[in-house]
Amino acid sequence: FQPQRDVRGERTLAFEALARWRNARLGQVPPDVFIRAAERSGLITGLTPVLLKKALKAARRWPGDLRLAFNLSARDILSPAAVAKIAQVVRESGVDARRIEFEITETAMLTDFDRARANIAALRALGCRMALDDFGSGYSNFSYLNRVEVDTVKIDRSFVQALGRGEKAREI
């Protein structure tokens, strides 16, 4: 789990669940490798509920004011069946849905925006929060901020790091 901190209040607001895989033969497999492979193969929609259950089990032991942030893949957010399974896991977890923030990237919405928006609405109807992750990387469209209800916008690290360099970056 990676903490999400409020730098002004100097307190932890949430923990983001990060998937890790140690394979006996391959050793530590980087998350970008195994998650991308799971997405390409379609196995991600089976992996997501398993990982979410584990993360929610841990979150049950946390103080009630701490949230769990959890990434959903494009396949997850575009599949009504996957979202229904995710909703079931949330309902059965014993964790208040208002403590859960699902993170999606805007690329997850590019294929079928209307379906993604409907599935996001279904998760929000449970009480879950939504975050737009990696905003500012690749194809960034500010219209998504008006068209999809999100609680948090997470600016891409590469964009933020560039803010301190050059006149143009300072203007932005």
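Remember, it's a predicted structure, so these values are computed and weren't measured experimentally.

Definitions and cut-offs
- Residues numbered from 1 in each chain as written.
- Predicted model: local features only at pLDDT ≥ 70, side-chain atom pairs only at ≥ 80, totals over all residues.
- Heavy atoms only, no water.
- Helix = DSSP H or I, 4+ residues; strand = E, 2+ residues; numbered from the N terminus.
- Buried < 20%, exposed > 50% of the residue type's maximum accessible area, 1.4 Å probe, protein only.
- Contact = heavy atoms within 4.5 Å.
- Areas by Shrake-Rupley, 256 points an atom, 1.4 Å probe, with all protein chains shown as cover.
- Core = buried A, V, L, I, M, F, W, Y, C linked by side-chain atoms within 4.5 Å.
- Expected span 1.5 Å × (residues − 1).
- Arc of directions from axis to C-beta.
- pLDDT = per-residue confidence, 0-100.
- 1 Å grid on protein atoms, 1.4 Å probe; cavity = no way out; pocket = protein on both sides within 12 Å on 5 of 7 lines; lining within 4 Å.
- Points joined across faces, edges and corners; volume = space filled by probe spheres on them.
- Nonpolar A, V, L, I, M, F, W, Y, C, P; charged D, E, K, R; others polar.
- Axes fitted to C-alpha atoms, helices over the stretch in contact; angles between N-to-C directions.
- Parallel < 35°, antiparallel > 145°, perpendicular 65-115°, else oblique.
- Left-handed = near helix turned anticlockwise from the far one by under 90°.

## Re the overall build of the protein chain
So, point 1. In terms of helices and strands, the protein chain carries nine helices and eight strands.
So, point 2. When the 172 residues of the protein chain are sorted by exposure, 37% land in the buried category.
So, point 3. Considering only intrachain contacts with a sequence separation of at least 6, the fraction spanning at least 24 residues in the protein chain is 62%.
So, point 4. When the accessible area of the protein chain is evaluated, it comes to approximately 10,200 Å², of which 51% is carbon and sulfur surface.

## Thoughts on the nonpolar core
So, point 1. One finds Leu-52, Leu-68, Leu-72, Phe-102, Met-109 and Leu-123 to be the most contacted residues of the largest nonpolar core, which totals 31 residues.
So, point 2. Where this core is concerned, the elements lending two or more residues are helix H2 (44–59), strand E5 (67–71), helix H3 (74–78), helix H4 (80–93), strand E6 (100–105), helix H6 (113–126) and strand E7 (129–135).
So, point 3. Ranked by residue count, the leading element in this core is H2, at five residues.
So, point 4. Those residues in contact with Leu-72 that sit more than four places away from it in its chain are Thr-48, Ile-77, Ile-86, Phe-102, Glu-103, Ile-104 and Leu-123.

## Topic: H4
Helical periodicity: at 3.6 residues per turn, an α-helix aligns residues three or four positions apart in one direction.
So, point 1. Between its terminal C-alpha atoms H4 stretches 20 Å, which fits the 20 Å expected from 14 residues at 1.5 Å a residue.
So, point 2. Where H4 is concerned, the buried positions are Ala-82, Val-83, Ile-86, Ala-87, Val-89, Val-90 and Ser-93. Buried residues along H4 cover an arc of 160° about the axis, so they all sit on one side. Among the exposed residues of H4, those oriented more than 90 degrees off its buried face are Ala-81, Arg-91 and Glu-92.
So, point 3. On the buried face of H4, the contacting elements are H2, H3, E6 and H6.
So, point 4. Immediately beyond the C-terminal end of H4, within one or two residues, lies Gly-94, with a positive phi of roughly 85°.

## A closer look at the side chain of Asp-133
So, point 1. For Asp-133, the location among the structural elements is in strand E7.
So, point 2. Among the residues examined, Asp-133 registers a relative accessible area of 10% and is labelled buried.

## Observations concerning the confidence of the model for the protein chain
So, point 1. This prediction gives the protein chain a mean pLDDT of 87; 85% of its residues lie at or above 70.
So, point 2. Helix H8 (residues 157–162) is the least confidently modelled element of the protein chain, averaging 65 in pLDDT, while H4 averages 97, the highest of any element.

## Details of the layout of surface pockets
So, point 1. In this structure, the second largest pocket encloses a volume near 220 Å³.
So, point 2. Every residue along the wall of the second largest pocket is listed here: Gln-2, Pro-3, Gln-4, Arg-5, Leu-13, Glu-16, Arg-67, Glu-101, Thr-152 and Lys-154.
So, point 3. Residue assignment for the lining of the second largest pocket shows that the elements contributing at least two residues are strand E1 (2–6), strand E2 (11–16) and strand E8 (152–155).
So, point 4. Looking at the lining of the second largest pocket element by element, the count peaks at four residues for E1.
So, point 5. Among the residues forming the lining of the second largest pocket, the class breakdown is two nonpolar, three polar and five charged.

## A short note on the packing of H2 against H4
So, point 1. For the pair H2 and H4, the least separation of the axes is 10 Å and the interaxial angle reads 15°. If you check the angle between H2 and H4, you find them roughly parallel. Of the two elements, H2 crosses H4, and the hand of that crossing is right-handed. Between H2, through Thr-45, Thr-48, Pro-49, Leu-52, Lys-53 and Leu-56, and H4, the contact on the second element is made entirely by Ala-82, Lys-85, Ile-86, Val-89, Val-90 and Ser-93.
So, point 2. Looking at the contact of H2 with H4, its residues break down into seven nonpolar, three polar and two charged.

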